[in-house]
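Now for the letters of each chain:
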Amino acid sequence: MEVKKSSSKVSSEEVFASCSFSSLGLDPKLCDQLKERLGYEVPTLVQAQAIPLIISGRHVLVNAATGTGKTLAYLAPVIHHLQKYDPKIDRSDGTFALVLVPTRELCMQVLEILQKILHRFHWIVPGYIMGGEKRSKEKARLRKGISILVATPGRLLDHLRNTSSFLYKNLRWVIFDEADRILELGFGKDIEEILDILGSRQQSAVAKDDITSRYSHFQRQNLLLSATLNEKVNELAKISLENPVLIGLNDKKVQLKSFHEHVGPVESDLENEMGNSGESLCSSDKEFKLPAQLAQRYVKVPCGARLVVLLSILKHLFEREASQKIVVFFSTCDAVDFHYSLATDFQWPPNSQMEAEFRQMFLGCKIFRSHGKMDNEKRRATFQAFKAEKSALLLSTDVAARGLDFPKVRYIIQYDSPGEAAEYVHRVGRTARLGEEGESLLFLQLLEIDYLQDLEKHGVVLGEYPLLKMLDGFSAHGIKKHVKNLVTIERHHWVLSLQKALETFISTTPRIKKLAQNAFWSWVKAYSTHRGELKRIFVVQKLHLGHVTKSFALKEQPSLVSKSNQKEFKKRKRDEKQKGISKKRKFAKKS
Ligand SMILES: Nc1ncnc2c1ncn2[C@@H]1O[C@H](COP(=O)(O)OP(=O)(O)OP(=O)(O)O)[C@@H](O)[C@H]1O
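Residues numbered from 1 in each chain as written. Predicted model: local features only at pLDDT ≥ 70, side-chain atom pairs only at ≥ 80, totals over all residues. Heavy atoms only, no water.

## As for the overall build of the protein
At step 1: Looking only at helices and strands, one finds 20 helices and 16 strands in the protein.
At step 2: Nonlocal contacts in the protein, meaning residues at least 24 apart in sequence, comprise 76% of its contacts between residues at least 6 apart. (Helix = DSSP H or I, 4+ residues; strand = E, 2+ residues; numbered from the N terminus. Contact = heavy atoms within 4.5 Å.)

## A closer look at unusual backbone geometry
At step 1: Residue P87 follows D86 across a cis peptide bond; omega there is 5°.
At step 2: Secondary-structure assignment places P87 in the loop between α3 (70-82) and β2 (97-100).
At step 3: Within the chain, K408 stands out as a residue other than glycine whose phi angle is a positive 65°.
At step 4: Relative to the helices and strands, K408 resides in the loop between β13 (392-396) and β14 (409-414).
At step 5: With a phi close to 55°, A432 is a non-glycine residue in the positive phi region.

## Section: the packing of aromatic side chains
At step 1: Taken as a whole and judged by the stated rule, the model has 18 aromatic pairs.
At step 2: Geometrically, the ring pair formed by F330 and Y415 is edge-to-face, given 5.5 Å between the ring centres and 65° between the ring planes. On the criterion of sequence distance, the pair formed by F330 in the loop between β9 (325-329) and α12 (333-345) and Y415 in the loop between β14 and α14 (421-428) is long-range, its members being 85 residues apart.
At step 3: Through pairs of rings, three or more aromatic residues link up here, namely F338, Y451, F520, W521, W523, Y527, F538 and F552.
At step 4: When the ring centre of W123 is taken as reference, the NZ or CZ atom of K88 above it lies at 4.4 Å.
At step 5: Lying over the aromatic face of Y128, R141 brings its terminal NZ or CZ to 4.4 Å of the ring centre. (Phe/Tyr/Trp six-rings, centres within 6.5 Å; stacked < 30°, edge-to-face > 60°. Lys NZ or Arg CZ within 6 Å of the ring centre and 35° of its normal.)

## What about the side chain of T549?
At step 1: Relative to the helices and strands, T549 is located in helix α19 (residues 545-550).
At step 2: You can call T549 buried: its relative accessible area is 4%.
At step 3: In this structure the side chain of T549 is engaged in a polar contact, spanning 2.6 Å, whose partner is the backbone oxygen of L545. (Buried < 20%, exposed > 50% of the residue type's maximum accessible area, 1.4 Å probe, protein only. Polar contact = N/O pair within 3.5 Å; in protein donor to acceptor, adjacent residues only side chain to side chain.)

## Points about the environment of G127
At step 1: You can see G127 is positioned in strand β3 (residues 126-129).
At step 2: Beyond its immediate chain neighbours, meaning those up to four positions away, G127 contacts L111, I146, I148, L149 and V150.

## Let's talk about the site of the ligand
At step 1: In the vicinity of the ligand lie 20 residues, with Y40, K70, T71, D405 and R430 positioned nearest.
At step 2: The separation between an oxygen atom of the ligand and a polar side-chain atom of K70 is 2.7 Å.
At step 3: Notes on the ligand: free accessible area 640 Å², of which the protein chains cover 88%.
At step 4: Grouping the amino acids of the shell around the ligand by side-chain chemistry returns seven nonpolar, eight polar and five charged.
At step 5: Counting residues domain by domain, the shell around the ligand receives three or more from each of domain 1 (21-201 + 219-247) and domain 2 (294-351 + 358-477 + 485-564). (Near = heavy atom within 4 Å. Areas by Shrake-Rupley, 256 points an atom, 1.4 Å probe, with all protein chains shown as cover. Nonpolar A, V, L, I, M, F, W, Y, C, P; charged D, E, K, R; others polar. Domains from an automatic or database assignment.)

Following this line, the structure appears as structure tokens:
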């Protein structure tokens, strides 16, 4: 059964500019390097807009869809300037450019691109610092000197406070990639302190003055980039950007101009954009830009049938196209571990007379997992291995939701909803990159269906996935198909037989049963941490724990997990109920 792909094939003009990299003002040697080492022939639209402005020294705020080439948009101008310094810069000059990213994977990805481009400019030294690495090793690297430093905020601040050998008096660029996520992750205070220490904050000009260096005649330049912006980015923009230019925020897109035709800022200044009142440049129900060719769907699944439906859809996708890459997002590390172990060990058909060695893995594909509790080495290895595979499945938490560029990922499944609509956008943005085709599927229980309206407020509209039709495609091995009129999903013959097989497998596999129990409680706890508007949609006390138990193919509701979980869960349900009652009383008094 074919799922209709989005009809809108993207033409190359909608992705790439009609000018050349050299027409943007980039040094010819750098243009050659982009072609030879990265295979980049022409700039993308956002690169053609941003590169001339960043080369000119303007502070810039870039809001462009996922997968449109924002990384090079900021790296190319930095390298263009640094490779021109005469005499050449030296490691001992310390850091000239700082790129702040929200996750370790993104840190590694940006570093990889830098290493490729700087191959020809070997005197410009790239480096990184991020959580999970040995601080002493990082200190040594910083002491030697890193010209372009890619860092996660927490660890950077640690070194700014404690590593006296970290030299940044020549710092010229501070770049926030995935700016809104950095702030969402609670790094807001860290960022302010980082800006103060670096003298990169509007009010702390004094810090700039006392930085003397042979390069101090260069003005500090700050850049903010993300596919999704929000109020917090608005605040960050106000304290970190000086008379910035906005790219991509308003729909009055300027036609692309080559660098020489380009007159003045390509887009209006932030002030004009925000008007004198300085109102927010991005309101909470701002429209998000998604790749036009991305086919987005949701699937309505009863809680108890979630696991069977997930495994069935994955099986269907890999049977439909054996060679493809799929990413599935979960809300917790425990959920990733449980589903990873189940998907790699579960065999089908479980009750066949065939000898064990003839039984097949239910999912015959290579499976990877990634989450924040894994050590850096494992996360790095997974990241590289999944990128290199032609056909594979990655089960991950949101560590893989932002910025990561997995070539040829065709399908994104959000098994647990992302919460904020911005996270939805970034998760699906792992596919349909740079004009490529891509599909996404969001799992929703009936009680969560209002989430679709929350997405629609941001211009995100999803079609419904024909679940029953897909399930009918499976003949449960050895189980006669009930010819009766089809009943609900839960009563579907395939769902019943697969659920039974999963429960039998898990109840007889203690290691996986334990993982399922851990995943059950962490999922319930994660469910209760939705914030703001979303608490109205993802209501923890509406959960039927018996159905949640089934969604982990457990025969009985876990009680083996620490009693504190249960006490905490019961307290949270009581508090929610109490709140509900007091709201009703207030409402009653008013009316
Ligand atoms: N000028 C170019 N020509 C060809 N491919 C390019 C060009 N620029 C970038 N790419 C490729 O496009 C893909 C997306 O680039 P990149 O990851 O920088 O996008 P992004 O806008 O930062 O995405 P996200 O919002 O998800 O972080 C990558 O595979 C990159 O190698």
